[in-house]
Amino acid sequence: MVKTLYDGRLATDLAGLHMKTPVTTASGTFGFGLEFTDFLDLEKLGAVTVKGTTLAPRAGNKGQRMVETPSGILNCVGLENPGSDYFLETTLPKLRAYDVPVIVNIAASSPEEYGELAAKLDVDGVDAIEINVSCPNVKDGGMAFGTDAASLASVVRQVRANTRKVVITKLSPNVTSITDMARAAEEAGSDALSLINTLLGMKIDIHRQRPVLGNVTGGLSGPAIRPVAVRMVYQVAQATKLPILGMGGICCADDAVEFFLAGASAVAIGTGNFINPAMAETISQGILAYMDAHHIASLRDMIGLALPGR
Amino acid sequence: MTKHMEDAKVVGQRVLNATTRQIDLIAPVIAADAVPGQFVNVQVTKHSAPLLRRPLGVAAVDRENGVLSLIYRILGEATQLLAEACSGDVLSLVGPLGRGFDLQAKQPLFVGGGTGLAPLLYLADAFRARGIVPDVLMGGRTATELFWKDLYEEKAGLLGLTTDDGSLGTQGTVLALLPDMLSAKAYDCVYVCGPAPMMKAVSAAALAAGLPCQVSLEKYMGCGLGACLSCSCQGVGKRLKVCKDGPVFWAQEVAEW
């Protein structure tokens with residue numbers, strides 16, 4: 001029954017990662033998935049992408065970690081997570097009870113540590129590794145790896161050499177040329193790309209005359225960044241052959257459709273999970289409705305329709 | 001406890017003072033499950049700004065009619081929009097969320113300030129339903145902030161009042177009256193909900209007097225479900241998620257106020 005979800009019309013593929021629907025969740029906005037089971041059926045998602053995981057537990061940043069901005073939010077959580085041992089021993093066994101692919105987002109402070117973490121997660125129940133080289137909220141590594149093509153390539157090579165899983169590189173939008181970064185990841189052996197991570201931003205409390213966020217700056221997400229994300233997906237789709245997992249402010253099926261038309265093979269719901277915790281499941285129905293209205297038989301037929309020459 | 005997303009029809013708004021309102025909503029599914037200390041996440045608009053839901057503590061539940069009451073201060077764009085909601089409007093709620101109060105006490109003392117007094121109202125109802133009458137100590141900057149005393153009049157036993165400017169009750173913060181109240185009766189648990197400095201000081205005094213103490217923490221929240229970690233804080237020996245592990249904690253569990 002699961003195989004015929006949505007009659008197979010929404011089936012898609014990220015370099016061998018088969019998805020029943022093209023909708024997954026953006027890392028850091030969906031916990032480990034289990035937090036949302038009162039609101040949706042995890043098995044009706046294309047994949048569950050879990051919270052950024054590091055080798056050792058991290059407490060994250062001090063002070064205020066989130067603030068609302070026009071049609072968006074800034075966050076500086078700083079990769080708080082219980083660490084890879086906890087994930088493997090406690091969380092992954094619970095996730096394995098569900099028939100849904102698991103994408104584990106990983107972060108580390110050196111290329112070697114990325115490799116070590118990838119090797120540790122090269123276990124049954126993990127279907128893909130998403131390399132987080134774009135977190136703007138940590139000092140040791142994070143976005144530094146994602147904003148320099150050579151550093152990015154060294155991280156991707158380490159992960160590639162240490163895992164049999166599908167390797168997805170998550171690109172930072174905080175760069176001058178997103179296509180240069182995409183090509184660097186492709187040449188280093190990444191199987192797929194996900195974009196975009198958050199845009200670096202800040203908010204100042206004019207009454208206290210101080211930055212609102214404890215970490216001063218934070219990552220901007222939500223509908224406010226969607227046009228930037230669509231533009232970058234559209235550019236990267238033309239610059240590499242890698243399949244793209246698109247994300248950035250998707251809050252309804254029409255938003256998701258923009259990403260498919262721009263060249264994404266799948267999409268992730270991020271900040272939208274906070275607004276409507278059932279969104280990652282219900283959006284699939286809306287994508288089907290769009291396809292029906294536009295006489296599109298299969299999701300695959302829609303990917304890249306807005307690209308030049310299509 | 002199962003969490004729900006429920007469309008709730010506004011049945012009324014009540015002006016409590018210049019900036020504080022009570023909104024009543026028909027939400028029978030959430031109302032059936034919500035316990036004192038829990039909160040709901042309210043979507044104030046279907047548009048993309050303000051984007052986030054607003055977490056509001058449950059102030060009263062009328063299970064028979066499926067009505068949920070929330071009390072909020074108008075602080076910004078979102079609460080202003082909420083104040084403009086009219087009877088018949090429909091708002092999406094997610095809830096009930098979080099861990100509520102432990103109701104084992106036989107002689108409870110409540111200490112609260114500001115909208116922290118809202119969840120304590122529902123807690124008072126729950127105690128009264130068990131034949132237990134709580135005493136309440138409340139503080140505010142000035143008399144107009146203590147409109148709460150009218151809401152507690154029929155729920156509380158002893159009512160202690162403090163204001164910073166002395167315009168009502170004892171001058172000072174709740175700490176000015178707390179020692180007297182603690183020595184007046186053999187309380188067996190103190191329940192605190194208010195600004196963080198109040199909770200830190202009151203819980204320290206309660207613990208020093210050998211009394212167990214529960215506090216309801218407030219932190220900026222994104223999801224309310226334990227996923228985004230915006231509201232996490234340091235507990236004793238472990239990280240705590242205010243939205244999921246709390247908002248109510250035993251004072252000894254909290255390491256960072």
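Just so it is clear, the model here is predicted, and its values are computed rather than measured.

(A) View of the overall build of chain B. Across its full length, chain B holds six helices and 15 strands. Expressed as lengths along the three principal axes of its C-alpha atoms, the size of chain B is roughly 50 × 40 × 35 Å. Here chain B holds 257 residues, and 51% of them are scored as buried. For chain B, contacts bridging at least 24 residues in sequence account for 62% of all contacts bridging at least 6.

(B) Quick peek at the packing of helix α6 (residues 226–239) of chain A against helix α7 (residues 253–262) of chain A. Residues and elements named next belong to chain A. One way to put it is that α6 packs onto α7 with a least axis distance of 8 Å and a crossing angle of 20 degrees. Overall, the two elements α6 and α7 adopt an arrangement that is roughly parallel. As for the relative orientation of α6 and α7, their crossing is right-handed in sense. Residues R226, V230, V233, Y234 and A237 of α6 pack against D255, E258, F259 and A262 of α7. Tallied by class, the residues present in the contact of α6 with α7 amount to six nonpolar, no polar and three charged.

(C) Local environment of the sheet that holds strand β7 (residues 102–106) of chain A. All names here are of chain A. One open sheet holds the eight strands; their spatial order is β3-β16-β15-β10-β9-β8-β7-β4, and the pairing between them is parallel. For this open sheet the edge positions go to β3 (23–25) and β4 (48–53), each flanked by a neighbour on one side alone. Each strand of the sheet is rotated relative to its neighbour by a mean of 25 degrees, with strand direction disregarded. Pairing between β7 and strand β8 (residues 128–132): four bridges, direction parallel. Residue N105 lies in a different strand from β8, and its bridge partner there is E130. Running at roughly 165 degrees to strand β15 (residues 244–247), α6 makes contact with β10 (192–195) and β15 of the sheet. Packed on one face of the sheet, helix α9 (residues 279–293) meets β3 and β16 (266–269) and runs near 165 degrees to β3.

(D) How the structure looks around the nonpolar core. Ranked by internal contacts, the top residues of the largest apolar core, which has 181 residues, are A:I168, A:V233, B:V40 and B:L68. Looking at which element gives the most residues to this core, the answer is helix α3 (residues 117–129) of chain B, with eight residues. Viewed by domain, this core spans two of them, domain 1 (4–97) and domain 2 (108–253) of chain B, each represented by three or more residues. Non-local contacts of B:L68, meaning those with residues more than four positions away in its chain, are made with B:A8, B:L25, B:A27, B:I30, B:A31, B:A34, B:V40, B:V58 and B:V61.

Rules behind the numbers
Residues numbered from 1 in each chain as written. Chains lettered and ligands numbered in written order. Predicted model: local features only at pLDDT ≥ 70, side-chain atom pairs only at ≥ 80, totals over all residues. Helix = DSSP H or I, 4+ residues; strand = E, 2+ residues; numbered from the N terminus. Buried ≥ 20, exposed ≤ 12 C-beta atoms within 10 Å, placed from the backbone. Contact = placed C-beta atoms within 7 Å. Axes fitted to C-alpha atoms, helices over the stretch in contact; angles between N-to-C directions. Parallel < 35°, antiparallel > 145°, perpendicular 65-115°, else oblique. Left-handed = near helix turned anticlockwise from the far one by under 90°. Nonpolar A, V, L, I, M, F, W, Y, C, P; charged D, E, K, R; others polar. Pairing = 2+ DSSP bridges. Core = buried A, V, L, I, M, F, W, Y, C linked by C-beta atoms within 7 Å. Domains from an automatic or database assignment.

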